[in-house]
Amino acid sequence: MFRFILRRLLSGVVLLFLISTIAFTLLYLGGGDIARRILGQTASAETVALKSEQLGLNRPVLVQYGDWLAGAMRGDLGSSWFTGQLVTAGITSRLSVTLSLVIGAILLIAIISVALGVWAAIRGGWADKVVQAVSILGFAIPGFLIALGLVTLFALNLKWFKPTGYTAFTDSPSGWAASVTLPIVALAIGGIAGVAQQVRGSVVDALRQDYVRTLRSRGLSFNRVVFKHVLRNAGGPALAVLAVQFVGLLGGAVIVEQIFAIPGLGQVAVQATTQGDIPMVMGLVVATAAIVVIVNLLIDLLQGWLNPKVRLS
Amino acid sequence: MFRWKSLTAVVAVAALALTGCSASDTSSSGSGSDTLTLGVIVQNTTFEAANISFANESPYGQAVYDTLLKEDPTGKLLPSLATEWSYNDDNTVLTLTLRDDVKFTDGTAFNADAAAQNLTRFRDGTSPNASFLAALGTATAVGDTTVELTLTQPDPALLHYLSQNAGMQESPAAFGAADVQTNPVGSGPYILDTAKTVVGTSYEFTKNPDYWDPDSVHYDNLSIKVFADSTSMLNAIKGGQVNGAKLADNTNNAEVEAAGYTINPFELDWTGLIIFDRDGSMNPALADVRVRQALNYAIDTKAMLTAVGEGLGTPTTQIFPTTSAAYDEDLDSRYAFDPAEAKKLLAAAGYADGLTLEMPSTSLGNPAVFTLIQQQLKDVGITVNYTDTGTNFIADLLAPKYGVTWMQLQQDADWALINFELTPNASFNPTKYQDPKVDALVATIGTGTEDEADAALKELNAYIVEQAWFAPWYRVQSSYATDAKTTALMQAGNAYPYLWNITPAS
C-alpha cells in the first residue's frame, strides 16, 4: 500500500511539472503587452518599459520559466502582477471558500444521487422513468442558467439568500450557510443527474448477479441484501464517477463564483487568466493539479477499502 | 460496510446548511447606515502610493491616503494637507505650505520631508500616471511645513495632479515594506482591515480614529466590493447589497432604476476615430486634411450613438469636455453626417476611385462598432481592412502600427488632455506629429495668463477640429447608481465620485 501511494505521488509530481510547463508556454504565447495591460492606456511608454523591466518580462522565456520553477520548488510562487498579493496567500485565502463549495456539492450529489439511483433501480417502472427524465433534464440545463435561476427566485424574489458575496463560517455560521447554499445547489444539480444514472445502472447490474439470488435464497431480507451487499458492490463505479465530478466541479466553480461574486479560486482564475497574470495563473494550476492528484489518490484508497479486489490490481 | 451513523451525520450537516437559509444572516451584508458599501468594476492594482492608480481605482487610494490638495466636484482646487500654494513669477517654482497636525496611521508625523520624498517616488515609480510629475525637477523640504517644487518647465495641470494620485502621501516608514502593495500606511480617513480583506474581491476599511478632518468622513466603515461580472453587479444592486456602484455600461439602467436606485449620469469619455497618421507616413492619403475631414463626414454619429451607445451620450466632433474653456458648443456639430460631402472631399483629394485603410480591431471592443465603421466608410468609397490585435490593441496603436483606429478616451482636464493626445510626446500621438500652430498655442496655454490661456485653448480646439486630427462621434454617458440612502456628487473628469462626496441621503 505504501509503495502504491508513493508511486501515485511521484506520478503526481511529474504531472505537475508537465502541466506547469504547458501552462506557462500557453500563457506566454498569449501574453501580449502585459506591462501595458497592468498600467492601462494612460501610462507613458517610459513607465510601461520600466514596469516591464521590473517584472523581468524582457528576459528570455526559458529564463523566466526557470526562475518560476526554481521559486516554486522553494515554495515561492511569486506575487500577482495585478494586485501585488503573494500568490500563495492569494490561493490559501480562497482555497477554503472553493473547497467548501465543492465538498458541499459533492456531499449533496452523493446523498441525493445514491437515494435517487437506488430508488429508481429497485422500484423500476414509473419511478425509474421519472429519475431518468429528471437526470436528463439536470444534465441538459447549463450550470450558469441554473445559477441565474436560483439567484432570481430564491435571492432576489423570495429574499431567502444573499444574491452575491460570501460570509466566512468563523464570522457567522448561518451567514455562511446562507451564502453557500445557492452556489452549492447550482453546482450539484448537473452532478446529481450524472451520478444518479450511474448508481442506478450499477445497482441494476448488481441486482442481477448470482450472489443476490444466493443471499435471498438463504433467507436474507431484500433490504438487507441491497444495503449491505449490493450497494457495496455498486459503490465502486459510483465513487469513480464522483471523483470525475469533483474535478468537473472545480471547473464549474469558476462560473458559479463569478455569478455569485464569491471570492474563491474560480473567481481569481477568471480574473488572472483574462489579464494574463502569469504568476497567479501558474499558482492556480499547481494548486488545482495538486488537488486533483490528491482526490484521485483518496478515491483509489476508498475503492480499495470498498472492494479488496482493486488492491490486487 | 455502509456507515449509517456517519451518513446520517452528513445528511444532518447538509440539512443544516440548507435550512440555514431561513435564518439568513444579513448583519454582515454591510449595508447598514454606519457602513458605506461601494461596488467597483476593477480590483486595486496596488496600494503602494508610488505606483498607485486612479480613475476607477480612486476610491481605494482616497480611503487610505490624503492628497496634498483636493478638488470640489467641478474641479475647483481646495486645501487638504497643503493649506496654501503659490507659484513664482515664471511658474517654475511651486511652494506649498503644509498642515502640522497630521500623523500617519503608524504614528509617523507628516512633514515637508515626507511630502518631498513621496513626490519624487511617484515621479520615478510605475504608476500609470507617473508622467503627471514629469515636469518635477526637485522637491525640497524648506523647514517642517514648507515644500518647494522646482519644475523643469511650467505645468498648468500640476495643482490638479496633486489632488489625485500624484499627491497621495504614504508614511516614509512604510517605503519598501515587504507588504507595501497590500497593506497601505497613509494618513487618510480609513484604515484597511487586511484580515477581513480578500484581495481582488472585497476590501474592508475602518474609520481612522485620529483623522484630522473628521467632518469629511461620513461612515464608520467602508467596504469596496469588486464586481468583475456585470450580472453579479446587477444582482448585488437588486439585492440592495451596495449603496453606490459604478455601472460597467448602460445596458441594465432600467433594471437598476426599477430596483430603487438613482442613476447619476456623467460624461467622461469620447468615442470615435483617432487619425494618428496626420503626416501620411503610413498612408499618404491621411496627410490630406480633406481625407481626414471626409472620415468625419462619413460616419453617422447619431446612428452610432443609438446603435452602440444605447442612445446615452451627446454627439460631438471635439475631444475637449464641456467643463473646459476650450469647449465650443458649435463644434459639437461641425461635421454633421454627410456622405455626399465626404465623397466630394475624397474626390478633390484625388481619391475618387477609392482608398484603402488598414485598421485594428479587437474583441475587447463591441464587434458591431467595427462592422459599422467598415460599412459606413465603404459607402463613401473607403475600404477598411481589419487586423485583429486581440489583447495587444493598445500596444499596437501606440507602437504605432496603424494610421487610423477606433478608440474611446477620457476627457481629461485641459493640460492633461493636451499632453495625452496632442503634443509630440503625448501617448496618443504615437507618430509624434508636430504642427507649429499647435506648438505655439500649447506654449501660450502653458505659460500665459489665465485669459491668454483660455483664448489659446479655444483656438487650439477649433484648429484641431478643422484639421480633423480626430473623428469623434459622441461623448459617452457613464452611470453611477446610488441607493435611496445615499447621495453622490459626480466628479468632473473622474470615473468615480470622490469618496467624501458620497454621503448619507438627508
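Note that the structure is a prediction, hence the values are computed from the model and not measured. (Residues numbered from 1 in each chain as written. Chains lettered and ligands numbered in written order. Predicted model: local features only at pLDDT ≥ 70, side-chain atom pairs only at ≥ 80, totals over all residues. Heavy atoms only, no water.)

*Asks:* Just to check I follow, could you spell out the UniProt feature "domain: Solute-binding protein family" (unreviewed entry) in chain B for this structure?
*Replies:* UniProt tags residues 77–424 of chain B as "domain: Solute-binding protein family" (unreviewed entry). Within the segment residues 77–424 of chain B, helix and strand shares are 25% and 24% respectively, and the terminal C-alpha atoms sit 29 Å apart. (UniProt positions renumbered as here; feature names shortened; annotations may be inferred. Helix = DSSP H or I, 4+ residues; strand = E, 2+ residues; numbered from the N terminus.)

*Asks:* Quick question: what am I supposed to make of the sheet that holds strand S6 (residues 93–98) of chain B here?
*Replies:* Each strand in a sheet pairs with another by means of backbone hydrogen bonds, the pair being arranged parallel or else antiparallel. Residue and element names in this part refer to chain B. Spatial ordering of the open sheet is given by S5-S6-S8-S7, a layout of four strands whose pairing is antiparallel. The strands lining the two open edges of the sheet, one partner per strand, are strand S5 (82–87) and strand S7 (136–141). Adjacent strand axes in the sheet meet at a mean angle of 15°, parallel and antiparallel pairs treated alike. (Pairing = 2+ DSSP bridges. Axes fitted to C-alpha atoms, helices over the stretch in contact; angles between N-to-C directions.)

*Asks:* What exactly am I supposed to notice about the UniProt feature "transmembrane region" (unreviewed entry) in chain A here?
*Replies:* All names here are of chain A. UniProt feature "transmembrane region" (unreviewed entry): in the numbering of this structure it lies at residues 9–29, 101–122, 134–156, 176–196, 238–260 and 280–302. Secondary structure across residues 101–122 divides into 100% helix and 0% strand, with the first and last C-alpha atoms of the span separated by 31 Å. Between the end C-alpha atoms of residues 134–156 there is a gap of 26 Å, over a span that is 91% helix and 0% strand.

*Asks:* I tried to follow the domain arrangement of chain B on my own but got confused; where do I start?
*Replies:* By a widely used convention, the size of an interface equals the accessible area lost when the partners come together. Residue and element names in this part refer to chain B. Splitting chain B by domain gives domain 1 (29–229 + 483–504) and domain 2 (268–477). Between domain 1 and domain 2, the residue contacts involve eleven residues of the former and nine residues of the latter. The contact between domain 1 and domain 2 buries some 720 Å² in all, and 69% of this surface belongs to carbon and sulfur atoms. Among the residues of domain 1 in contact with domain 2, Pro154, Pro156 and Gly493 are the three that bury the most area, contributing 44% of the side total. In this assembly, domain 1 and domain 2 are joined by zero salt bridges. Classifying every residue of the side of domain 1 that touches domain 2 by side-chain character gives six nonpolar, four polar and one charged. (Domains from an automatic or database assignment. Contact = heavy atoms within 4.5 Å. Buried area = accessible area lost by both parts, 1.4 Å probe. Salt bridge = Lys/Arg side-chain N within 4 Å of Asp/Glu carboxyl O. Nonpolar A, V, L, I, M, F, W, Y, C, P; charged D, E, K, R; others polar.)

*Asks:* Just checking my understanding: could you explain the UniProt feature "domain: ABC transmembrane type-1" (unreviewed entry) in chain A for this structure?
*Replies:* According to UniProt, the feature "domain: ABC transmembrane type-1" (unreviewed entry) maps to residues 95–303 of chain A in the numbering used here. For residues 95–303 of chain A, the end-to-end C-alpha separation is 26 Å, with 85% helix and 0% strand making up the annotated structure.

*Asks:* For this particular structure, what's the right way to read helix H3 (residues 45–54) of chain A?
*Replies:* Given 3.6 residues per turn, any residue in an α-helix points the same way as the ones three and four places further on. Residue and element names in this part refer to chain A. Those residues of H3 that fall on the buried side of the exposure criterion are Thr47, Val48, Lys51 and Ser52. The buried residues of H3 all sit within an arc of 140° when viewed along its axis, so they share a single face. Turned more than 90 degrees away from the buried face of H3, the exposed residues are Ala45, Glu46 and Glu53. Against the buried residues of H3 lie helix H2 (34–39). (Buried < 20%, exposed > 50% of the residue type's maximum accessible area, 1.4 Å probe, protein only. Arc of directions from axis to C-beta.)

*Asks:* Quick question: what am I supposed to make of the nonpolar core here?
*Replies:* Across soluble globular proteins, nonpolar side chains have a tendency to be buried as a group. By size, the foremost hydrophobic cluster in this structure holds 132 residues, and its most contacted members are Leu162, Phe205, Phe320, Leu422, Leu460 and Ile464 of chain B. The residues that make up this core include at least three from each of domain 1 (29–229 + 483–504) and domain 2 (268–477) of chain B. When neighbours within four sequence positions are excluded, Phe205 of chain B is seen to be in contact with Phe47, Ala63, Val64, Tyr190, Ile191, Leu192, Asp193, Asn221, Leu222 and Ile224 of chain B. Residues Ala105, Ile106, Val203 and Ile262 of chain A belong to the second largest nonpolar core, which totals 57 residues. (Core = buried A, V, L, I, M, F, W, Y, C linked by side-chain atoms within 4.5 Å.)

*Asks:* Explain the packing of helix H5 (residues 87–123) of chain A against helix H10 (residues 222–259) of chain A here, please?
*Replies:* For any two helices packed against each other, the geometry is given by the interaxial angle and the distance between the axes. Residues and elements named next belong to chain A. Contact geometry for H5 and H10: axes closest at 8 Å, N-to-C directions at 140°. When the axes of H5 and H10 are compared, the crossing they make is right-handed. Here H5 contributes Thr98, Leu99, Leu101, Val102, Ile103, Ala105, Ile106, Ile109, Ala110, Val118 and Ile122 to the contact with H10, which in turn contributes Phe222, Val226, Leu231, Leu242, Gln245, Phe246, Leu249, Leu250, Ala253 and Glu257. (Left-handed = near helix turned anticlockwise from the far one by under 90°.)

*Asks:* Which parts of the structure should I look at to understand the pairing of strand S11 (residues 202–207) of chain B?
*Replies:* Each regular strand displays side chains that alternate between the two surfaces of the sheet. Residues and elements named next belong to chain B. As judged from the three bridges shared by strand S10 (residues 190–192) and S11, these two strands associate in the antiparallel manner. Each bridged residue has a counterpart across the sheet, and for Ile191 the counterpart in S11 is Thr206. The pairing of S11 with strand S12 (residues 221–226) spans five bridges and is classified as antiparallel. Looking at S12, one finds that Tyr203 is bridged to Ile224.

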